[in-house]
Amino acid sequence: MSDTPIDSSKRTWLIASGCAGAVGGVATAVPFVSTFQPSEKAKAAGAAVEVDISALKPGEKMTAEWRGKPVWIVRRTPEQLADLSGLNDQLADPKSERKPDEFTPAYARNEGRSIKPEIFVAVGICTHLGCSPSDKFTPGAQPSLPADWKGGFLCPCHGSTFDMAGRVFKNKPAPDNLEVPPHMYLSETKLLIGDDKKA
Ligand code: FES
């Protein structure tokens, strides 16, 4: 376990080499990169990205791109939301009190780390060395996960696990929760990623 701060350059998801030394890391990272098609809009430095979430069903995740990074949008089920409150003892930073300005905007400093309880928005980059964690939404025992797993994300590179609010579990290599990027709702079904100050 390490509490060494990771500078921002090391957190870029493009540094797949950060995973290269880990068994299974490359196999997981490569398919993700090869299917990732950056939009023209997102290529513009710092441009906020509008995302239509109207087709996103409970239990599903979609990925947008912002500043060259994958941004996950998950519509959590009522069961997934209910499970969050029982996990605090197992989490390293359940209330997102570490580096809140860097990882958790004020409007996401709540249990679900979100504006709307059901919609979770996070940068899909592990806070350890920058791999992209895998979806592990199915509860229960499975490889690399505990028997009481409630659903969340598993980083294949060094085994960090995160709950459905991107909160990192204790005693894992990742030092922080997943980053919640600046975002806001333009309407019920349209999100703006990368800007939270427009009207
Ligand atoms: S990059 Fe090491 S656990 Fe995620």
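So, here's what we can say about the structure. Being a predicted model, the structure only gives us computed values, none of them experimental.

### So, the state of the cysteines
Part 1 of the reasoning: Evaluation of the coordinates by the stated rule reveals one disulfide.
Part 2 of the reasoning: Across the disulfide from Cys131 sits Cys157; the S-S distance is 1.9 Å. On the S-S bond that ties Cys131 to Cys157, the torsion sits near -95 degrees, and the link is left-handed. With Cys131 in the loop between β4 (119-123) and β5 (134-136) and Cys157 in the loop between β6 (152-154) and β7 (161-163), this pair connects stretches of sequence that are 26 residues apart.

### Re the pattern of salt bridges
Part 1 of the reasoning: Per the stated rule, a full pass over the model turns up eight salt bridges.
Part 2 of the reasoning: Residues Glu179 and Lys69 are paired through a salt bridge, measuring 4.0 Å at the closest nitrogen-oxygen approach. With Glu179 in the loop between β7 and β8 (183-185) and Lys69 in strand β3 (residues 69-75), this residue pair connects regions lying 110 residues apart in the sequence.
Part 3 of the reasoning: Here Asp101 makes a salt bridge to Arg109, at a shortest N to O gap of 3.2 Å.
Part 4 of the reasoning: For Arg109, a relative accessible area of 38% corresponds to the partly exposed category.

### Considerations on the environment of Thr189
Part 1 of the reasoning: Checked against the element boundaries, Thr189 lands in the loop between β8 and β9 (190-193).
Part 2 of the reasoning: What makes Thr189 partly exposed here is its relative accessible area of 35%.
Part 3 of the reasoning: Separated by 135 residues in the primary sequence, Thr189 and Ser54 place their C-alpha atoms 5.0 Å from one another.

Definitions and limits used
- Residues numbered from 1 in each chain as written.
- Predicted model: local features only at pLDDT ≥ 70, side-chain atom pairs only at ≥ 80, totals over all residues.
- Heavy atoms only, no water.
- Disulfide = S-S within 2.5 Å.
- Helix = DSSP H or I, 4+ residues; strand = E, 2+ residues; numbered from the N terminus.
- Salt bridge = Lys/Arg side-chain N within 4 Å of Asp/Glu carboxyl O.
- Buried < 20%, exposed > 50% of the residue type's maximum accessible area, 1.4 Å probe, protein only.

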